[in-house]
Amino acid sequence: MTTIPDTIHARTAATAAPRENLLVRLSQVMVAFAERWFPDAYVFVLLAAILVAAGALLHGGEAVSVSRAFGDGFWSLIPFTMQMALVAVGGYVVAVSPPVARLMRRAASVPRTGRSAVVFVGVVSILLSLVNWGVSLIFSGLLVREIACRTDIRLDYRAAGAAGYLGLGFGFTLGISSSAAQLQATPASIPASLMPITGVISFYETILTWQNLLVIGVGTLLSAAICHFTTPSDANAVTASDLGVSLAEARIEDQRPTRPGDFLEFSPILTILTVVLAAGWLYETFRSGNPLITLSGLNTYNFVFLLLGALLHWRPRSFLTSFSHAMPSVAGVLLQFPFYGGIAYMLTRVKNASGATLSDTIAHGFVSLAHDTGTFSAIVGLYSATLGFFIPSAGGKWVIEAPYVMKAANEIGAHLGWTVMVYNIAETLPNFINPFWMLPLLGVLGLKSKDLIGYTSMQFFIHFPIVMILTSYLMTTFTYAPPVMP
């Protein structure tokens with residue numbers, strides 16, 4: 001039997017302008033391929049572990065040494081794993097807090113047309129991701145839902161949802177929520193095997209360079225233009241109602257006490273006292289120096305966001321509810337990051353008869369292919385993007401790649417900070433196609449990845465060549481400096 005969404009799609013395909021028809025055909029080909037052949041992201045990390053183990057064996061490592069390295073490294077990233085999980089949780093609780101929710105509802109009234117609303121959501125998503133990718137995902141999803149409730153404009157719910165994902169496809173690794181930049185700026189988070197290769201790299205060498213600000217500006221304008229030209233006209237827009245998505249939901253601030261014992265849960269007294277307790281530490285931590293540099297420490301970053309979330313929710317019950325709702329969004333991080341630790345140890349700890357690790361050999365391969373720092377940047381970008389498609393992990397994947405990528409950067413004389421940023425920029429672009437980080441947003445929107453990938457894939461294919469050329473050129477504007485030890 002023909003459903004209402006089927007009828008809408010058929011009408012859209014029949015009446016859309018030629019450009020829209022082309023985008024629909026391309027997106028459907030990609031969606032059909034992904035639905036048929038792409039397994040869960042967890043399968044990719046298992047394949048990576050097996051392939052690296054096989055590579056270490058073929059490289060001359062002993063089987064027992066490979067197994068020991070995998071087991072020894074499996075729990076080596078536990079502090080970093082918890083830190084990254086709390087980045088997502090902190091972003092979630094802030095985004096759904098009552099004051100931010102009210103701000104979001106006011107922001108939803110700004111756009112005047114469906115097409116401008118899609119552009120607006122995309123720019124908001126990128127800007128928020130520079131501060132916290134969890135806030136970007138959740139706030140953008142809720143913003144799309146709020147705009148979709150308006151009756152004075154027709155919003156293509158799919159295009160707007162894809163725009164809400166722009167921060168994770170382009171943006172979040174260029175701001176202070178960049179896990180690779182944060183890890184490199186935090187001595188306690190850098191694995192012992194990586195410290196001699198990279199040293200500590202401050203934000204002044206990564207996200208706070210003028211080169212990175214230029215990439216942010218160019219990428220944001222490019223993303224907004226793609227949103228504008230790929231959003232269907234009002235006549236062809238597929239709304240939330242057309243897709244059968246219900247926009248009615250209970251708000252966290254609507255909760256009320258049901259028994260006398262709930263008094264403290266619904267009172268702000270404990271929240272206020274906790275914030276007062278933390279105030280002295282915050283003052284001592286932030287009273288000198290650049291606050292962005294201070295926030296580069298993951299523990300400080302998460303502490304600030306959790307306190308901010310508690311304060312914005314005001315009442316402990318609201319905070320606890322939002323915290324529990326955030327848990328599904330961090331399941332992949334908690335499950336997969338230990339495997340990345342095991343993979344990193346197999347790369348850097350298993351030696352062959354000549355004393356070389358697999359990481360050493362791959363690094364020499366990079367150097368042999370790169371004749372200058374610009375070429376090296378392009379190779380790192382292509383390689384990082386390829387792995388990013390199969391292992392969408394940001395900081396976890398950086399721990400795997402960093403030993404040989406940064407070793408090669410040292411040998412060829414490429415700027416270490418910008419090498420981190422090339423990795424960041426290239427690694428995140430495949431998120432436009434791989435829906436791993438899309439899952440929290442899809443939960444908010446009530447959609448499936450196939451509804452968004454047609455639009456996000458267009459972002460990828462246009463962004464990739466432009467951004468890669470720009471980052472390779474900008475590498476030539478830096479001067480190499482050796483690793484700085486803490």
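Model, not experiment: these values are computed from the prediction.

1. Some details on the overall build of the protein chain
Right, so step 1: Counting secondary structure elements, the protein chain contains 24 helices and 0 strands.
Right, so step 2: Residues classed as buried in the protein chain amount to 57% of the 486 residues present.
Right, so step 3: When contacts within the protein chain are restricted to residue pairs at least 6 apart in sequence, those whose partners lie at least 24 apart make up 81%.
Right, so step 4: Only carbon and sulfur atoms are counted for the fraction: they give 68% of the accessible area of the protein chain, which is about 20400 Å².

2. Here's the deal with the nonpolar core
Right, so step 1: The biggest cluster of nonpolar side chains holds 140 residues, and the ones touching the most others in it are Trp-133, Leu-143, Tyr-157, Ile-343 and Trp-418.
Right, so step 2: Apart from the residues lying within four places of it in its own chain, the contact partners of Leu-143 are Met-104, Ala-107, Ala-108, Phe-120, Val-121 and Val-124.

3. Remarks on the confidence of the model for the protein chain
Close inspection of predicted coordinates is inappropriate for parts of the model with low pLDDT.
Right, so step 1: Averaged over every residue, the pLDDT of the protein chain is 83; residues scoring 70 or more account for 86%.
Right, so step 2: Helix α7 (residues 114-129) holds the highest mean pLDDT among the elements of the protein chain, 94, whereas helix α1 (residues 4-15) holds the lowest, 47.
Right, so step 3: Predicted confidence for residues 10-19 stays below pLDDT 50, and this span has 10 contacts to residues more than four positions away or in other chains.

4. Topic: a nonpolar patch on the surface
Right, so step 1: A grouping of Trp-210, Leu-214, Val-218, Ile-462 and Ile-466 is seen on the molecular surface, where their side chains present a nonpolar patch of about 410 Å² in accessible area.
Right, so step 2: Mapped by element, the contributors of at least two residues to the nonpolar patch are α13 (210-230) and α24 (449-475).
Right, so step 3: For the nonpolar patch, the leading source of residues is α13, giving 3 residues.
Right, so step 4: Along the polypeptide, Ile-466 turns up in helix α24.

5. Examining unusual backbone geometry
Right, so step 1: Even without a glycine there, the phi angle at Trp-314 is positive, about 70°.
Right, so step 2: Its relative accessible area of 33% is what places Trp-314 among the partly exposed residues.

6. Things to note about the side chain of Ser-136
Right, so step 1: By secondary structure assignment, the location of Ser-136 is in helix α8 (residues 133-148).
Right, so step 2: There is a polar contact of 2.7 Å between the side chain of Ser-136 and the backbone oxygen of Ser-125.
Right, so step 3: With residues near it in sequence (within four places) discarded, Ser-136 still touches Ser-125, Leu-128, Ser-129, Gly-164 and Gly-167.

7. A look at the packing of aromatic side chains
We describe a pair of aromatic rings using the distance from one ring centre to the other and the angle between the two ring planes.
Right, so step 1: For the coordinates displayed, the defined rule picks out 13 aromatic pairs.
Right, so step 2: Considering the side-chain rings of Phe-74 and Trp-75, the 4.8 Å spacing of their centres and the 85° angle between planes classify their relative orientation as edge-to-face.
Right, so step 3: With a relative accessible area of 17%, Phe-74 lands in the buried category.
Right, so step 4: Since its relative accessible area comes to 55%, Trp-75 is described here as exposed.
Right, so step 5: In textbook terms, an aromatic cluster arises when at least three aromatic residues are bridged by ring pairs, as seen for Phe-70, Phe-74, Trp-75 and Phe-339.
Right, so step 6: Residue placement shows Arg-349 over the ring face of Tyr-345; its charged tip is 4.1 Å from the ring centre.

8. Brief notes about the packing of α13 against α24
Right, so step 1: Remark: α13 packs on α24, axes separated minimally by 10 Å, with the N-to-C direction vectors making an angle of 155°. With respect to α24, the element α13 is oriented roughly antiparallel. Seen along the crossing, α13 lies across α24 with a hand that is right-handed. Between α13 and α24, the contacting residues are Trp-210, Gln-211, Leu-214, Val-215, Val-218, Gly-219, Leu-222, Ser-223, Ile-226, Cys-227 and Thr-230 on the first element and Tyr-455, Gln-459, Ile-462, His-463, Ile-466, Leu-470, Thr-471 and Leu-474 on the second.

9. Some thoughts on α7
Right, so step 1: Its 16 residues place the ends of α7 23 Å apart at the C-alpha level, agreeing with the 22 Å of an ideal helix rising 1.5 Å per residue.
Right, so step 2: Turning to α7, its buried residues number three or more, namely Gly-114, Ala-117, Val-118, Val-119, Val-121, Gly-122, Val-124, Ser-125, Ile-126 and Ser-129.
Right, so step 3: Of the surrounding secondary structure, the elements contacted by the buried residues of α7 are α8, α9 (157-163), α10 (166-169) and α13.

10. Regarding the pattern of salt bridges
Right, so step 1: Going through the model one piece at a time under the given rule, you end up with 5 salt bridges.
Right, so step 2: Measuring nitrogen to oxygen at the nearest pair gives 3.7 Å for the salt bridge that ties Asp-242 to Arg-154. With Asp-242 in the loop between α13 and α14 (269-286) and Arg-154 in the loop between α8 and α9, this residue pair connects regions lying 88 residues apart in the sequence.
Right, so step 3: For Asp-242, a relative accessible area of 15% gives the class buried.
Right, so step 4: Note that Glu-284 and Arg-287 form a salt bridge whose closest N and O atoms lie 3.5 Å from each other.
Right, so step 5: Assessed through its relative accessible area of 46%, Glu-284 is described here as partly exposed.
Right, so step 6: Residue Arg-287 is classed as exposed on the basis of its relative accessible area, which comes to 55%.

11. Regarding the packing of helix α16 (residues 298-313) against helix α17 (residues 316-326)
Right, so step 1: Where α16 contacts α17, the two axes come as close as 8 Å, and the packing angle between them is 125°. Here α16 lies oblique to α17, going by the angle between them. With respect to the hand of their crossing, α16 and α17 are arranged in right-handed fashion. Note on element contacts: α17 touches α16 through Ser-318, Phe-319, Ser-322 and Phe-323, opposite Leu-306, Gly-309, Ala-310 and His-313.
Right, so step 2: Partitioned by chemical class, the residues of the contact of α16 with α17 number 4 nonpolar, 4 polar and no charged.

What counts, and where the lines are drawn
- Throughout, residues of each chain are indexed from 1 in the direction in which the sequence is written.
- Reporting in this predicted model follows two pLDDT cut-offs: at least 70 for local features of residues, and 80 or more for side-chain atom pairs to be given and counted; totals over whole chains, interfaces and linings ignore these cut-offs and use all residues.
- The basis for the side-chain values is all heavy atoms of the structure; hydrogens and waters are excluded.
- Helical segments are the DSSP runs of H or I of at least four residues, strand segments are the runs of E of at least two, and each set is numbered from the N terminus.
- For each residue, the accessible area found with a 1.4 Å probe, counting protein chains only, is set against the maximum for its type, and the residue is called buried under 20%, exposed over 50%, and partly exposed in between.
- Contacts between residues were defined by any pair of non-hydrogen atoms, one from each residue, lying within 4.5 Å.
- Surface accessibility follows the Shrake-Rupley procedure with a 1.4 Å probe radius. Residue values consider only the protein chains on display as shielding.
- In this description, a nonpolar core means a group of buried Ala, Val, Leu, Ile, Met, Phe, Trp, Tyr and Cys residues linked to one another through side-chain atoms lying within 4.5 Å.
- pLDDT expresses how confident the predictor is about each individual residue, on a scale running from 0 to 100.
- Within this analysis, patches are made of residues with over 30% relative accessible area and no salt bridge. Like charges are joined at 9 Å or less; nonpolar side chains (Val, Leu, Ile, Met, Phe, Trp, Tyr) at 5 Å or less.
- Just to be clear on terms, a salt bridge is a Lys or Arg side-chain nitrogen sitting within 4 Å of an Asp or Glu carboxyl oxygen.
- Under this definition, polar contacts are N or O atom pairs within 3.5 Å; protein pairs additionally need one hydrogen-donor-capable and one acceptor-capable atom, and for neighbouring residues in sequence, both atoms have to be side-chain atoms.
- Pairing of aromatic side chains here covers Phe, Tyr and the six-membered ring of Trp, requires ring centres within 6.5 Å, and sorts the geometry by plane angle: under 30 degrees stacked, over 60 edge-to-face, intermediate tilted.
- Should the NZ of a Lys or the CZ of an Arg lie within 6 Å of a ring centre and within 35 degrees of the ring normal, that charge is described as sitting over the ring.
- Orientation is described by lines fitted to C-alpha atoms, with helices fitted over the stretch in contact, and by angles between N-to-C directions that extend from 0 to 180 degrees.
- Each angle is binned into one of four classes, with values under 35 degrees roughly parallel, values over 145 roughly antiparallel, values of 65 to 115 roughly perpendicular, and all other values oblique.
- Whether a crossing is left-handed or right-handed is set by the direction in which the near helix is turned from the far one by less than a right angle, anticlockwise for left-handed and clockwise for right-handed.
- Here the expected length of a helix is defined as 1.5 Å per residue gap, with one fewer gap than residues.
- Charged means Asp, Glu, Lys or Arg here, nonpolar means Ala, Val, Leu, Ile, Met, Phe, Trp, Tyr, Cys or Pro, and polar covers whatever is left, Gly included.

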